[in-house]
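Listed below, chain by chain, are the residues.
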Amino acid sequence: MLELHHVSREFGGLAALCQVKMVVPQGKVVGLIGPNGAGKTTLLNCISGLDSPTSGEIIFDGTPIHSRSPHRITALGVSRTYQNIRLFKEMTTLENVIVGQHIHGRSTLLHSMFVWPYHWREESRLKKDALALLERFNIGSVAHVHAGTLSYGDQRRLEMARALATRPRLVLLDEPTAGMNAVETHQLGEQILRMHADGITVVVVEHDMALIGQVCDEVYVLNFGEMIANGAPQAVKQDPKVIEAYLGHED
Ligand SMILES: Nc1ncnc2c1ncn2[C@@H]1O[C@H](COP(=O)(O)OP(=O)(O)OP(=O)(O)O)[C@@H](O)[C@H]1O
Ligand SMILES: [Mg+2]
């Protein structure tokens, strides 16, 4: 479903990604781990179109996407969450999800002006779907609260709900459990498994190895921009190259 060939991203003299190769099969949950500064977020940025590789190719479902805009990549079926939460803090929880949905709404401005009953039906359908997504992430009770006032954990859950609002086929999660306790992290793992059960392909950047073991079919390991290992979670954890990379970065 997703293939990266020789993907490099340089910032000035720094190679944040160096000749990265990665294959994400359809329907799998693939983990991306690595020490701080390894290039994990840069990799997700390149896939989602927020950033572009200096060289190399990124292919999604047979389509090269490495020089497409974020909007067009979203339209192809890719969505994501952010390590640094990006919500519209002045909007309500519900409005944040509705904004995420608009790409799937069929009403145009013309429709809303001349065929308003259709527009109204569309709005109420989108609202119903958005509320169902909030319920799924246990944040239905705060639907009408400003997103900026939500707890940190709820903001992360809202980011996931919003990512699903575009009905993606591939979801990229950047440290979705950062700041959560062990119980919340496990619950979030169950949400990822539900996405998997729904047929969504997932790439998850994560430091929590328990979560990686809970949800991932396969793990890739980045270190200083280079992909140093990949395989089943258990095997990767025992790989001497991986252990060395983490020991060298104890902080
Ligand atoms: N816009 C940028 N300009 C210059 N350097 C950047 C930029 N973005 C990232 N970098 C550098 O690229 C390297 C990789 O950063 P990146 O954020 O991708 O790492 P990461 O693996 O996500 O780390 P963390 O675990 O801390 O989130 C780092 O050395 C970082 O300083
Ligand atoms: Mg990062």
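Remember, it's a predicted structure, so these values are computed and weren't measured experimentally.

Reading guide: rules and limits
- Residues numbered from 1 in each chain as written.
- Chains lettered and ligands numbered in written order.
- Predicted model: local features only at pLDDT ≥ 70, side-chain atom pairs only at ≥ 80, totals over all residues.
- Domains from an automatic or database assignment.
- Contact = placed C-beta atoms within 7 Å.
- Helix = DSSP H or I, 4+ residues; strand = E, 2+ residues; numbered from the N terminus.
- Nonpolar A, V, L, I, M, F, W, Y, C, P; charged D, E, K, R; others polar.
- Near = placed C-beta within 6 Å.
- Pairing = 2+ DSSP bridges.
- Axes fitted to C-alpha atoms, helices over the stretch in contact; angles between N-to-C directions.
- Buried ≥ 20, exposed ≤ 12 C-beta atoms within 10 Å, placed from the backbone.

A. Seen up close, the domain arrangement of the protein chain. Taken domain by domain, the protein chain consists of domain 1 (1-77 + 169-251) and domain 2 (87-167). Measuring from the centre of the C-alpha atoms in domain 1 to the corresponding centre in domain 2 gives 27 Å. With eight residues of domain 1 at the interface, the matching set in domain 2 holds eight residues. When contributions to the side of domain 1 that touches domain 2 are tallied by element, the ones reaching two or more residues are α2 (70-76) and α7 (182-197). Here the residues of the side of domain 1 that touches domain 2 sort into four nonpolar, three polar and one charged.

B. Region of interest: the site of ligand 1. Ligand 1 sits among Phe-11, Leu-14, Ala-16, Gly-34, Asn-36, Gly-37, Ala-38, Gly-39, Lys-40, Thr-41, Thr-42 and Gln-83. Within the residue set of the shell around ligand 1, elements represented by two or more residues are β2 (14-24) and α1 (40-48). Counting residues per element, the shell around ligand 1 draws most heavily on α1, at three residues. Taken together, the residues of the shell around ligand 1 break down into four nonpolar, seven polar and one charged.

C. A look at the sheet that holds strand β1 (residues 2-11). An order of β2-β1-β4-β5 is seen for the four strands of this open sheet, with the pairing classed as antiparallel. Looking at strand neighbours, the two that pair on one side only are β2 and β5 (63-64), the edges of this open sheet. Note that β1 and strand β4 (residues 55-60) share five bridges and pair antiparallel. Residue pairing for β4: His-5 is matched across the bridge by Glu-57. Each of β1, β2 and β4 is contacted by α1, which is oriented at about 65° to β2, the strand it contacts most.

D. Focus on unusual backbone geometry. Unusually for a residue other than glycine, Asn-138 sits at a positive phi of about 60°. Structurally, Asn-138 can be placed in the loop between α5 (116-136) and α6 (152-165). Residue Asn-138 is classed as partly exposed on the basis of its 14 C-beta neighbours within 10 Å. For Phe-224, which is not a glycine, the phi torsion comes out positive at approximately 45°.

E. Quick peek at the sheet that holds strand β10 (residues 226-231). On the basis of which strands lie adjacent, the open sheet formed by six strands has the order β6-β7-β8-β3-β9-β10 and mixed pairing. Of all strands in the sheet, those bounded by a partner on one side alone are β6 (78-80) and β10. Looking at each pair of strands side by side, their axes are set apart by 20° on average, direction ignored. Contacts from α1 reach β3 (29-33), β6, β7 (170-174), β8 (201-205) and β9 (218-223), with the element oriented near 150° to β7. Lying on the sheet, α7 is in contact with β3, β7 and β8; it crosses β8 at an angle near 155°.

F. Summary view of the environment of Ala-182. Looking at the element boundaries, Ala-182 is found in helix α7. On a C-alpha basis, the gap between Ala-182 and Ala-163 in space is 23 Å, while along the polypeptide they are 19 residues apart.

G. Structural context of the pairing of β1. Across seven bridges, the pairing between β1 and β2 is antiparallel. The partner of Leu-4 across the bridge, within β2, is Met-22.

H. Fine view of α1. When you tally the buried positions in α1, you get eight out of nine residues, the bulk of the element. Residues of α1 that are buried: Lys-40, Thr-42, Leu-43, Leu-44, Asn-45, Cys-46, Ile-47 and Ser-48. Phi turns positive one or two residues past the end of α1, at Gly-49, with a value near 90°.

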